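If you want the building blocks of each chain, they are given just below.
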Amino acid sequence: MGRLVVVAMAGFSVLLVGGAADAFQCPKLVAQINAVASNRLDAAAYEARVKAAEAERLHKDGKHAESEKAAKEGLAKLGM
């Protein structure tokens, strides 16, 4: 019984740390988009900035998986 509790707590800890790591990825990706797109005036840069704004909004709403997906789409528009 004690071993089961230890294993369950270890698994729960991994999930918490993994979720927190994902939460910090979003702002880095948004910053990367903004840094690259700030010097460009083409349509791809505009669309990437729109995706960055969407990713930032989703991050603030706590939807980190969706935020990361939007940010990666923005990076793809920039060819990254």
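Structural notes, computed from the coordinates.

Procedures and definitions
Residues numbered from 1 in each chain as written. Predicted model: local features only at pLDDT ≥ 70, side-chain atom pairs only at ≥ 80, totals over all residues. Heavy atoms only, no water. Helix = DSSP H or I, 4+ residues; strand = E, 2+ residues; numbered from the N terminus. Buried < 20%, exposed > 50% of the residue type's maximum accessible area, 1.4 Å probe, protein only. Contact = heavy atoms within 4.5 Å. Expected span 1.5 Å × (residues − 1). Salt bridge = Lys/Arg side-chain N within 4 Å of Asp/Glu carboxyl O. Core = buried A, V, L, I, M, F, W, Y, C linked by side-chain atoms within 4.5 Å.

**Here's the deal with the overall build of the protein**
Link 1 in the chain: Across its full length, the protein holds 3 helices and 0 strands.
Link 2 in the chain: In the protein, the succession of α and β elements from N to C terminus is α-α-α.
Link 3 in the chain: Expressed as a percentage of its 80 residues, the buried residues of the protein come to 24%.
Link 4 in the chain: Look at the contacts in the protein between residues 6 or more apart in sequence, and 62% of them connect residues 24 or more apart.

**Quick look at helix H3 (residues 64–77)**
Every α-helix carries 3.6 residues per turn, so stepping three or four residues along brings you back to the same face.
Link 1 in the chain: For H3, built from 14 residues, the straight-helix expectation of 20 Å at 1.5 Å per residue is met to within 8% by its first-to-last C-alpha distance of 20 Å.
Link 2 in the chain: Positive backbone phi, approximately 80 degrees, marks Gly 79, located one or two places after H3.

**Focus: the pattern of salt bridges**
Link 1 in the chain: Evaluation of the coordinates by the stated rule reveals 7 salt bridges.
Link 2 in the chain: Note that Glu 54 and Lys 51 form a salt bridge whose closest N and O atoms lie 3.5 Å from each other. Taken together, the residues Glu 54 and Lys 51, both in helix H2 (residues 43–60) and 3 residues apart, mark about one turn of the helix.
Link 3 in the chain: Judged by relative accessible area, which is 18%, Lys 51 ranks as buried.
Link 4 in the chain: Arg 57 serves as the salt-bridge partner of Asp 61, at 4.0 Å between the closest nitrogen and oxygen.
Link 5 in the chain: Taking the relative accessible area as the measure of exposure, Asp 61 reaches 48% and is therefore partly exposed.
Link 6 in the chain: A single salt-bridge network, built from bridges that share partners, covers Lys 51, Glu 54 and Glu 73.

**Observations regarding the nonpolar core**
Link 1 in the chain: Grouped together as the largest cluster of nonpolar side chains are 13 residues, with contacts concentrated most on Ile 33, Ala 55, Ala 71 and Leu 78.
Link 2 in the chain: Looking at this core, the elements that each hand over two or more residues are helix H1 (2–37), H2 and H3.
Link 3 in the chain: Counting residues per element, this core draws most heavily on H2, which supplies 5 residues.
Link 4 in the chain: Dropping the residues within four chain positions of it, Ala 71 is found in contact with Leu 29, Ile 33 and Ala 55.

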